[in-house]
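Structural overview
Spelled out from the first residue to the last, the chains are:
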Amino acid sequence: MSDVVIQATNLSVDVQSKQILKNISFQVLKGEVLALLGGNGAGKSTTIKTFLGLMKPTSGDVSLVGVSVPTNPDVVRKQVAYLPESVMLYGHLTAIENIRYFLSLSGKQKSDEDIAVSLKRVALQSSSWHQPLSGYSKGMRQKTAIALALLRDAPILFLDEPTSGLDPVAIDEFNRLINQLASQGATILMVTHDVYGACHVANRIGLLRDGELVGMFDAPAEGNIDSEVVHKAFSQGSEA
Amino acid sequence: MSNTVLTVARDEWRYWQRSRLAQSVVILAFLLAIASVWVTHTSVSHSIDQRQHQQAESEAVFEAQPDRHPHRMVHYGHYLFRSPPPLGSLDPGIDAFTGNAIFLEGHRQNGATFADRKQASGLTWLAKLTPAFVMQVLTPLLMIVIGFGVMTREREAGTLEFLKVQGVSPFVMLAGKGIALAGAGMLILLPLFLGVCLTLLDGAAVVPALAFLASYVIYMAVWIGIVLLVSTLASSNSSSFGSLVVVWIALCLIVPRIASNTAGVLVHSPGKLETDFAVLKQLREMGDGHNANDPAFKALKDNLLAKYKVDSVEALPINFRGIVAQQSEADLTKVLNDFAEQQMTQQADQAAIARQFGWLSPMIAIQNASMKLAGTDLENYHRFLREAENVRFDFVQSLNKLHAEGMTLEQDANKYKSQAAKKAATVSADNWQILNDFHFTPLPPTQRFANSLLAMTQLVISLAVVFGVIFYAGRRV
């Protein structure tokens, strides 16, 4: 299908003889947001790392826009923006320097104005823009990383616990941003513990439990979250 | 070179600039290098002037001696001084240990004396912080301090993974980090470059000077490669630093010691006492050159009597004592030269074995390349010893010839009987003009360059191996 952007086909990943992902298959269409929910060790981050080419499938395949990631990691990475759970930016650089450095490495040219707009969109206080990241809180680092992801103009976003460390206002702002990006055609795969946040931003929700995709359903409409159902499924996954 | 590589390199420099430790180390290394070049160049330039002055003075003092018996002048002796070659101001090599002056006299081959290291007191070691020592031993250590974390820092912070996701290949990262380290290395090498320029102004030959500089650039590149490789393979900053220090200790301290010990074991070289006794034993069998009646010279006496058709040495037209002195000196010199050559061959063989360890340690390779190109290696020292011996033999035999031809046997034999007899047994001071100006010159530039090729090859191979392994390791990052 031409609209399929992110696709996992019978994906299994073993790490040191332990099966982390067990034959999972799913796809995300263009402009869609899929949230994978699951407890610790369910395989959420492994799924994202496999799509980023940081881990290799033991069997099966993962592809982005029809291009197999394991065989063409450098090709597909050019279309991807990644927001890690633990933000990996340089402490000795300021927010603006970090953004400039990473954009420069990925061959993107952005004006000072573009960067300022992006930092304002993630609500990072302008007084901190020129301070080294070593003095930032986790939330401020997260906002910087989100701003960078936005500036990359990537059509595909992978978000690993994106709202971790953000205050409620910033979370709302972030959710709005995700919806906006999706409406502009970005395809997003996020993994999270945040059930309510996922329900707010995702079109569909997948449930991962012990490396198996045990459920996939449409996210309830905003304001009409059947939290009990999601909670129940999520809790079962955690207990397993 | 791609912009991405330069961007990574620039960021590394920016990190060093903001990290006080790295910045301090780069500044310290630069200052250390520039101080060592300046101090050593000044000191060696002073030594050159001093030795040239001493050489001229020694010749003048010898030539100013009054009318004397020639054999007294044989024992009066004469000094030869070795001026360091221009590149010796950057690498004094073994000159600092072997001495730079030789006292020439009859019947003896003296060793070189006045070695800088033997004259230095314990507290003056810093004054001998030569550019070669700084570049060969200290700079690698400083490069380790600067660069041990270039890759492990990214790994520990998680940025390595993040960079890969941005589409930055590990090779781009490695190239960028390598260029950053190379920049620091070149900054530290800059004083050496200036030092080489100074030696060119001092008259150093161009080919060895450029090869000298190139060998240090390659050596620096090898260490940059080692730092990059270990930082790439290590899992953390601490393991990278620890491993690099172990590598430095092994390559700069342990392997050179193993090399010299192995050479000493494989090629036995008798000690000085053992050699002196062996020489003495042979010399005793040859007779005493001061005693014309020694039975050892009977054949010489018979031949001369037959040649001049006379029946006693008194009837010879030449002074038989002088002839004996000449013959004795020639025989003795042959024995001394045989021992000296044997010893030099052993030393050269030992050095050749030690040089092979340059395949294991780039420090041994650069040490050899540097000394050979500077003209301060063992081979050049042996050249000095041989040249000095030639001068000694010529000057002693010239005096012995005067002894044989400048007086009769009767005058010579009666010289202690009275003041008048003593005066009669002298030759004019005009005869002391037998010394040629001595200026030691190391091997020709092309020869020095050719001699350094093994060590240069070792350095280039080390570089290729290190970067080959980096390429392999880069695929696994």
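Residues numbered from 1 in each chain as written. Chains lettered and ligands numbered in written order. Predicted model: local features only at pLDDT ≥ 70, side-chain atom pairs only at ≥ 80, totals over all residues.

The name that an unreviewed UniProt entry assigns to chain B is ABC-2 type transport system permease protein, with the source organism given as Marisediminitalea aggregata.

As annotated in an unreviewed UniProt entry, chain A carries the name ABC-2 type transport system ATP-binding protein and comes from Marisediminitalea aggregata.

Describing the overall build of chain A
Each helix and strand in chain A was counted, giving eight helices and ten strands. Against the 2.2 N^0.38 benchmark of 18 Å for 240 residues, chain A shows a C-alpha radius of gyration of 17 Å, consistent with a compact globule. By the burial criterion, 46% of the 240 residues in chain A qualify as buried. In chain A, 70% of the contacts between residues at least 6 apart in sequence involve partners at least 24 apart. (Helix = DSSP H or I, 4+ residues; strand = E, 2+ residues; numbered from the N terminus. Rg over C-alpha atoms; globule rule 2.2 N^0.38 Å. Buried ≥ 20, exposed ≤ 12 C-beta atoms within 10 Å, placed from the backbone. Contact = placed C-beta atoms within 7 Å.)

Here's the deal with the overall build of chain B
Each helix and strand counted, chain B has 20 helices and two strands in total. Taken over C-alpha atoms, the radius of gyration comes to 30 Å for chain B, far larger than the 23 Å a tight globule of 477 residues would show. Seen through its C-alpha atoms, chain B measures out along the principal axes to roughly 105 × 40 × 40 Å. Within chain B, counting contacts between residues at least 6 apart in sequence, those at least 24 apart form 82% of the total.

Some words on the confidence of the model for chain B
Any residue range with low pLDDT should be treated as having predicted coordinates unsuitable for detailed reading. Residue and element names in this part refer to chain B. In this model, chain B carries a mean pLDDT of 87, and residues with pLDDT of at least 70 account for 96%. Of all the helices and strands in chain B, helix α5 (residues 116-119) carries the lowest mean pLDDT, 56, while helix α10 (residues 206-233) carries the highest, 97. Low pLDDT (under 50) marks residues 122-127, which in the prediction has two contacts with non-local residues, meaning those over four places away or in another chain. (pLDDT = per-residue confidence, 0-100.)

Examining the interface of chain B and chain A
Taken together, the contact between chain B and chain A spans 18 residues of the former and 17 residues of the latter. Of all the secondary-structure elements, those providing two or more residues to the side of chain B that touches chain A are α1 (3-18) and α8 (159-165) of chain B. The greatest single-element share of the side of chain B that touches chain A, amounting to six residues, is contributed by α8 of chain B.

A closer look at the sheet that holds strand β9 (residues 204-209) of chain A
Residue and element names in this part refer to chain A. What the six strands build is an open sheet, ordered β6-β7-β8-β3-β9-β10; its pairing is mixed. At either margin of the open sheet sits one strand with a lone partner, and together these are β6 (80-83) and β10 (212-218). Each adjacent strand pair in this sheet contributes to an overall mean axis angle of 15 degrees, direction not counted. Pairing of strand β3 (residues 33-38) with strand β8 (residues 187-192), which is carried by five bridges, proceeds in the parallel orientation. Bridging across to β8, V33 finds its partner in I188. (Pairing = 2+ DSSP bridges. Axes fitted to C-alpha atoms, helices over the stretch in contact; angles between N-to-C directions.)

Brief notes about the sheet that holds strand β5 (residues 67-68) of chain A
Residue and element names in this part refer to chain A. The antiparallel open sheet is built from four strands, whose spatial order is β2-β1-β4-β5. The outermost strands of the open sheet, each flanked by one partner alone, are β2 (18-29) and β5. Both strand β4 (residues 59-64) and β5 contribute to a ladder of two bridges, which runs antiparallel. Across the sheet, residue L64 finds its bridge partner in β5, namely V67. Helix-sheet contacts for helix α1 (residues 44-51) involve β1 (4-15), β2 and β4, and the interaxial angle to β1 is about 115 degrees.

Things to note about the packing of helix α6 (residues 131-147) of chain B against helix α9 (residues 170-201) of chain B
All names here are of chain B. Where α6 contacts α9, the axes come no closer than 10 Å and their chain directions differ by 160 degrees. Taken together, the axes of α6 and α9 are roughly antiparallel relative to one another. The handedness of the crossing between α6 and α9 comes out as right-handed. Touching P131, M135, T139, M143, I146 and G147 of α6 are L181, A184, G185, I188, L192 and G195, all from α9. (Parallel < 35°, antiparallel > 145°, perpendicular 65-115°, else oblique. Left-handed = near helix turned anticlockwise from the far one by under 90°.)

Considering the UniProt feature "transmembrane region" (unreviewed entry) in chain B
Under the present numbering, the feature "transmembrane region" (unreviewed entry) in UniProt falls on residues 21-39, 133-151, 171-194, 206-229, 241-259 and 453-474 of chain B. Measuring from the first to the last C-alpha atom of residues 171-194 of chain B gives 33 Å, for a span that is 100% helix and 0% strand. (UniProt positions renumbered as here; feature names shortened; annotations may be inferred.)

Brief notes about the nonpolar core
Counting residues in hydrophobic clusters, the biggest one holds 169 residues, and the most contacted among them are V80 and L157 of chain A together with V227 of chain B. Aside from chain neighbours lying at most four places away, what touches V227 of chain B is M143, I144, G147, F148, L181 and L244 of chain B. The next biggest cluster of nonpolar side chains, apart from the first, holds eight residues, and it includes F320, A325, A404 and L409 of chain B. (Core = buried A, V, L, I, M, F, W, Y, C linked by C-beta atoms within 7 Å.)

Remarks on unusual backbone geometry
Of note in the backbone geometry, D153 of chain A takes a positive phi value of approximately 55 degrees without being a glycine. Within the fold, D153 of chain A resides in the loop between α5 (138-151) and β7 (156-160).

A look at α10 of chain B
With 28 residues, α10 of chain B ought to run about 40 Å at 1.5 Å a step, and its terminal C-alpha atoms sit 40 Å apart, in line with that. Burial runs high along α10 of chain B: 21 of the 28 residues are buried. (Expected span 1.5 Å × (residues − 1).)

Focus on the packing of α6 of chain B against α10 of chain B
Residues and elements named next belong to chain B. Running from amino to carboxyl end, α6 crosses α10 at an angle of 35 degrees, the nearest separation of the two axes being 10 Å. Handedness of the crossing formed by α6 with α10: right-handed. On the side of α6, the interface is formed by M135, P140, M143, I144 and G147, while α10 contributes Y216, W223, I224, V227 and S231.

Remarks on the pairing of β3 of chain A
Residue and element names in this part refer to chain A. With six of six residues buried, β3 is to be regarded as a mostly interior element. Residue alternation in β3 divides its side chains into two sets, V33, A35 and L37 and L34, L36 and G38, and both sets are buried. One ladder, built from five bridges, connects β3 with β9; its direction is parallel. In the strand pairing of β9, A35 is matched with I205.

Describing the environment of L233 of chain B
Residue and element names in this part refer to chain B. For L233, the position within the fold is in helix α10. Look at L233 and you get partly exposed, because 17 C-beta atoms sit within 10 Å. The spatial distance from the C-alpha of L233 to the C-alpha of K177 is 14 Å, given a sequence separation of 56 residues.

Some details on the pairing of β4 of chain A
Note that β1 of chain A and β4 of chain A share five bridges and pair antiparallel. Directly across from T9 of chain A, in β4 of chain A, lies its bridge partner D61 of chain A.

Quick word on the environment of A464 of chain B
Of note, A464 of chain B is situated in helix α20 (residues 453-474). Sequence spacing of A464 of chain B and E405 of chain B is 59 residues, and the spatial spacing of their C-alpha atoms is 67 Å.

Overview of the environment of L163 of chain B
Of note, L163 of chain B is situated in helix α8. In this structure L163 of chain B comes out as buried when scored by C-beta crowding, with 21 C-beta atoms within 10 Å. Once residues within four sequence positions are removed from consideration, L163 of chain B is found in contact with L105 of chain A together with E154, V168 and M173 of chain B.

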